[in-house]
Amino acid sequence: MANLTYIRVNHRCNYSCVLLNLSNRQIAGYGISQHKTADLVMSALSPDKQPPHH
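What this report covers is the structure whose coordinates are included nearby.

Some details on the overall build of the protein
Within the protein, the secondary structure is distributed over one helix and three strands. Counting from the amino terminus, the protein carries its helices and strands in the arrangement β-β-β-α. A burial count over the protein gives 15% of its 54 residues as buried. In the protein, once contacts between residues fewer than 6 apart in sequence are set aside, the share between residues at least 24 apart is 13%.

Section: the sheet that holds strand 2 (residues 12-21)
The three strands are arranged 1-2-3 in an open sheet whose pairing can be described as antiparallel. Every interior strand has two partners, whereas the edge strands, strand 1 (2-9) and strand 3 (26-33), have only one. With direction set aside, neighbouring strand axes in the sheet form an average angle of 25°. In this structure, strand 2 lies alongside strand 3, joined through seven bridges in antiparallel fashion. In the strand pairing of strand 3, valine 18 is matched with tyrosine 30. Its contacts with the sheet place helix 1 (residues 38-45) against strand 1, strand 2 and strand 3, and it is angled at close to 140° to strand 3.

The rules behind these values
Per-chain numbering applies: the sequence of each chain, read as written, is numbered from 1 onward. Only residues with pLDDT of at least 70 are given local features in this predicted model, and only at 80 or more are side-chain atom pairs given and counted; all residues enter the totals for whole chains, interfaces and linings. In computing side-chain values, all of the structure's heavy atoms are included and hydrogens and water are not. Numbered from the N terminus, helices here are DSSP runs of H or I no shorter than four residues, and strands are runs of E no shorter than two. The cut-offs for exposure are 20% and 50% of the maximum accessible area for each residue type, with area from a 1.4 Å probe on protein chains only; residues under the lower value are buried, those over the upper are exposed, and the others partly exposed. In what follows, residue pairs with any heavy atoms lying within 4.5 Å of each other are defined as contacts. Here, a strand pair is defined by DSSP locating no fewer than two bridges between the strands. All axes here are fitted lines through C-alpha atoms, helices being fitted over the stretch that makes contact, and every angle between N-to-C directions spans 0 to 180 degrees.

By themselves, these are just geometric observations and shouldn't be taken as functional.
Here is the structure:
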């Protein structure tokens, strides 16, 4: 599952994309950008944007 949302910082919109693993409800990846583009989603899919596994 993916969630795209905006975060207002100094009167400007920034966007976050969070990918969730539905089987264990943990964050599988994330991305943050000043633009809501496909590159934002691709950065969330990138292996270097995955949180450490416990």
